[in-house]
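What follows is the residue order along each chain.
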Amino acid sequence: MSSPALSPAARLRAARPDWLNDPKVWRTEILGGLVVALALIPEAISFSIIAGVDPAVGLFASFTMAVTIAFVGGRRAMISAATGAVALVIAPLNREHGFGYLVAAVLLAGVFQIVLGVLGVAKLMRFVPRSVMVGFVNSLALLVFMAQVPEMRDVPWPVYPMIVAGLALMVFFPKVTTVIPAPLVSIVILTVITVAAGIAVPTVGDRGELPSSLPVPGLPDVPFTMDTLTTVAPYALAMALVGLMESLMTAKLVDDITDTHSSKTRESIGQGVANIVTGFFGGMGGCAVIGQTMINVKVSGARTRLSTFLAGAFLMVLCIVFGPVVSDIPMAALVAVMIMVSVAAFDWHSIAPKTLRRMPAGETGVMVITVVFVLTTHNLAVGVVVGTVTAMVIFARRVAHLAEVTAVADPDGTSVVYRVTGELFFASSNDIVGRFDYSGDPDHVVIDLSSAHVWDASSVAALDAVETRYAQRGKTVEITGLNEPSARLHDKLSGELVGGH
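Residues numbered from 1 in each chain as written. Predicted model: local features only at pLDDT ≥ 70, side-chain atom pairs only at ≥ 80, totals over all residues. Heavy atoms only, no water.

### Structural notes on the overall build of the protein chain
Definition in use: The way it works is that DSSP assigns letters per residue, a run of H or I at least four long becomes a helix, a run of E at least two long becomes a strand, and they are numbered from the N terminus. C-alpha atoms define the radius of gyration, and 2.2 Å times the number of residues to the power 0.38 defines the globule rule. Remark: exposure states derive from per-residue accessible area (1.4 Å probe, protein chains only) relative to the maximum for the residue type, with buried under 20%, exposed over 50%, and partly exposed in between. It only takes one pair of heavy atoms within 4.5 Å for two residues to be counted as in contact. Asp and Glu count as negative and Lys and Arg as positive, but His and the ends of the chain are not part of the count. Think of each charge as sitting on NZ of Lys, CZ of Arg, CG of Asp or CD of Glu.
On a plain count of helices and strands, the protein chain comes out with 20 helices and six strands. Against the globule reference of 23 Å for 501 residues, the protein chain gives a C-alpha radius of gyration of 29 Å, more extended than a compact globule. Expressed as lengths along the three principal axes of its C-alpha atoms, the size of the protein chain is roughly 100 × 70 × 60 Å. The buried share among the 501 residues of the protein chain stands at 51%. Sequence-distant contacts, at least 24 apart, represent 84% of the contacts inside the protein chain between residues at least 6 apart. For the protein chain, the separation between the mean place of its 32 positive charges and that of its 36 negative charges on side chains is 11 Å.

### Observations concerning a nonpolar patch on the surface
Counted only if it meets this: Note that patches include only residues with greater than 30% relative accessible area and no salt bridge, and the join distances are 9 Å for like charges and 5 Å for nonpolar side chains (Val, Leu, Ile, Met, Phe, Trp, Tyr). A 1.4 Å probe and the Shrake-Rupley method give the accessible areas. Residues count as covered only by the protein chains that appear here. For this document, the term salt bridge refers to a Lys or Arg side-chain nitrogen within 4 Å of an Asp or Glu carboxyl oxygen.
A surface patch of nonpolar side chains, about 340 Å² in accessible area, is lined by Val317, Val321, Phe322 and Val325. Secondary-structure assignment places Val317 in helix 12 (residues 305-320).

### Observations concerning the packing of aromatic side chains
We apply this condition: Here a Phe, Tyr or Trp ring, Trp counted by its six-membered ring, pairs with any other such ring whose centre lies within 6.5 Å, and the pair is stacked when the planes are under 30 degrees apart, edge-to-face when over 60, and tilted otherwise.
Counting across every chain of the model gives six aromatic pairs. Relative to Trp348, the ring of Phe346 has its centre 4.6 Å away and its plane inclined at 50°; by these criteria the two rings are tilted. With centroids separated by 4.8 Å and ring planes inclined at 55°, the aromatic side chains of Tyr438 and Tyr470 adopt a geometry described as tilted. Here Tyr470 lies in helix 19 (residues 457-471) and Tyr438 lies in the loop between helix 18 (426-432) and strand 5 (444-454), a separation of 32 residues in the sequence. The pair Tyr438 / Tyr470 is uniform in exposure class, with both members buried. By way of ring pairs, the aromatic residues Tyr418, Phe436, Tyr438 and Tyr470 are connected into one cluster.

### Focus on the layout of surface pockets
To be explicit about the condition: Residues are said to line a cavity or pocket when one of their atoms sits within 4 Å of a point; the points come from a 1 Å grid over protein atoms alone, cavities being sets where a 1.4 Å probe fits but cannot get out and pockets being open sets with protein on both sides within 12 Å along at least five of seven lines. Grid points are joined across faces, edges and corners, and a volume is the space filled by probe spheres set on the points. Here the nonpolar group is Ala, Val, Leu, Ile, Met, Phe, Trp, Tyr, Cys and Pro; Asp, Glu, Lys and Arg are the charged ones; every other residue, Gly included, is treated as polar.
In this structure, the largest pocket spans a volume of roughly 820 Å³. If you trace the largest pocket, you find 32 residues lining it, with Glu43, Phe47, Gly84, Leu143 and Ala147 closest to the centre. Looking at the lining of the largest pocket, the elements that each hand over two or more residues are helix 2 (23-51), helix 4 (84-97), helix 6 (130-148), helix 11 (290-299) and helix 14 (331-345). At seven residues, helix 2 tops the list of elements feeding residues into the lining of the largest pocket. When grouped by side-chain class, the residues that make up the lining of the largest pocket number 21 nonpolar, seven polar and four charged. The computed volume of the second largest pocket comes to approximately 350 Å³. Leu124, Met125, Met245, Val384 and Val385 are, among the 17 residues lining the second largest pocket, the residues nearest its centre. When contributions to the lining of the second largest pocket are tallied by element, the ones reaching two or more residues are helix 9 (226-258) and helix 17 (380-400). Taken together, the residues that form the lining of the second largest pocket break down as 16 nonpolar, one polar and no charged.

### Some remarks on the sheet that holds strand 3 (residues 404-409)
Heads up, the condition is: Think of it this way: DSSP has to see at least two bridges between two strands before they count as a pair. Here, axes are lines fitted to C-alpha atoms. For helices the fit covers the stretch in contact, and angles between N-to-C directions go from 0 to 180 degrees.
Strands sit in the order 3-4-5-6 across an open sheet of four strands; the sheet is mixed. The open sheet has two edge strands, strand 3 and strand 6 (476-480), and neither has a second partner. On average, adjacent strands in this sheet sit at an angle of 20° to one another, irrespective of strand direction. Packed on one face of the sheet, helix 19 meets strand 4 (415-424), strand 5 and strand 6 and runs near 170° to strand 5.

### Some words on the side chain of Thr304
The line we're drawing: Whenever two N or O atoms come within 3.5 Å, that pair is a polar contact, provided that in protein one can donate a hydrogen and the other can accept it, and provided that, for residues adjacent in sequence, both atoms are side-chain atoms.
Here Thr304 is to be found in the loop between helix 11 and helix 12. Residue classification places Thr304 among the buried positions, given a relative accessible area of 5%. A distance of 2.8 Å separates the side chain of Thr304 from the side chain of Glu29, its partner in a polar contact.

### A short note on helix 9
What counts here: An expected span of 1.5 Å times one less than the residue number is assigned to each helix.
Over its 33 residues, helix 9 runs 46 Å from end to end, which matches the ideal 48 Å to within 8%, given 1.5 Å per residue. One or two steps after helix 9, the chain reaches Asp259, where phi turns positive at roughly 55°.

### As for unusual backbone geometry
The phi dihedral of Asp154 is positive, around 50°, even though this residue is not glycine. Mapped onto the elements, Asp154 comes out in the loop between helix 6 and helix 7 (159-176). In this structure, Asp259 is a non-glycine residue whose phi angle is positive, near 55°. Turning to its location among the elements, Asp259 is positioned in the loop between helix 9 and helix 10 (264-280).

### Digging into the nonpolar core
For clarity, the threshold we go by: What makes a nonpolar core is a set of buried Ala, Val, Leu, Ile, Met, Phe, Trp, Tyr and Cys residues whose side-chain atoms join them at distances within 4.5 Å.
Judged by nonpolar contacts, the single largest core of 77 residues is most densely connected at Ile41, Leu59, Phe136, Ile295 and Leu315. Broken down by element, this core gets its largest block of residues, 12 residues, from helix 14. Every residue in contact with Leu59, bar those within four places of it in the chain, is listed here: Ile41, Ala44, Ile45, Ser48, Leu210, Pro211, Leu315, Met316 and Cys319. Counting 29 residues, the second largest nonpolar core, distinct from the first, contains Ala61, Leu108, Ala109 and Ala381.

### A few points about the environment of Phe280
On the secondary structure map, Phe280 appears in helix 10. Given a relative accessible area of 35%, Phe280 falls into the partly exposed group. With 60 residues separating them along the chain, Phe280 and Pro220 place their C-alpha atoms 7.6 Å apart.

### So, the packing of helix 2 against helix 12
For the record, the criterion: Each angle gets one of four labels, with under 35 degrees taken as roughly parallel, over 145 as roughly antiparallel, 65 to 115 as roughly perpendicular, and the rest as oblique. With the far helix as reference, a near helix turned anticlockwise by less than a right angle produces a left-handed crossing, and one turned clockwise produces a right-handed crossing.
Following both chains from N to C, one finds helix 2 and helix 12 inclined at 50°, their axes separated by 7 Å at the closest point. In this view, helix 2 runs oblique relative to helix 12, as classed from their interaxial angle. Crossing hand, helix 2 versus helix 12: right-handed. Across the interface between the two elements, Trp26, Glu29, Ile30, Gly33, Leu34, Val36, Ala37, Leu38, Leu40 and Ile41 from helix 2 touch Leu306, Ser307, Leu310, Ala311, Phe314, Leu315, Leu318 and Cys319 from helix 12. Split into classes, the residues belonging to the contact of helix 2 with helix 12 amount to 15 nonpolar, two polar and one charged.

Right under this line is the structure:
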């Protein structure tokens, strides 16, 4: 029997994503976006100060980045906005050449990111080891916490009990209900108490003036010449690389938290598109923001693009329509939210004594190095690169000792067979040259590579060096057992490498 025909309304519901039909999901996404928008305001203002621009520039960047990436990004529920890492990169350009050059760099950085995305730079993420990822997570948690420390120095004493009260609300309120995100409840309650009681504490309004109108699109006020291009290109490339690194690492983190997959290539291209849009609207550019992403995904439980879009939309609504109300929000409330985010983001299991006893020392060392470099430079991208390179060096040293050479002499004494096992590459191949008895071996030497693989030119040069040393003593070498890829590489390079003989 054929199934009954669906009504137009039923067909529409079936065609829409499941989350559009679930009021609970709508509520989670809307409230999550609102909490993120509130948390973005003081940080966007702070990053504007770092970059040396008007607070509205950072707020506009957060608005356009979040709204654009909601449509073109590859990772649902991830938040992109103005960030400290990008602000640090472009601050010297703004200081030395002016705001027009900063905007031009943002536009060019977007172009670079699109090109890098098309070229497949996102595939490099597979080379980031787990120990670096753990170090990245712990670093971001510590950076989020450290960013709150200045807000707790030289402040009126009511700030401290307010922070404690905010933390208590976020810990215990979810035991009552999870319908409304605890961070939002904490912000509202502390704001009402502060205003009603007239408590004099630092507020959002103290960080800078909020914009009163939407941004207007336009081109940067710079001469479109080769000199301008050479001036902004280095800053744009640095911004593109730093932004992609932080965005792709954050996307991978959200993948792990939500147990879902995301398109890193689409995210790379999407970041470029978002920065181009941001540049046209006079923003300072940005990338994925880790703290607000954790609020959205881990604290609020958001999982869709709706929360990302609403975070940007609510940000402008809060600034333009509810600016006076938002200005009265005590910074203590937002500090409490970010402290809770840092505690939730930190991988406490990674530093548990039981874990440290079982984990190889090299893995723990890579994690610690990643954290140290991030905290020293205040740049997550630097820590990830240094940690990954360190992990590769440790891996290379470990694998280098896996290449073994064993000799089996022929009973009649006319030949000897050396059996080589393991992976031959630049770190391991040099060691094998000293494993042969060039003077004591008979005239015919067989090197059996059936249990080995030749990976690079260094290995071919090492084999050539072995043959040369035997040839100098009037002895012949026969290499056997090469697999097909190794044989192709050996045939192509053997005898052609300078210094190989």
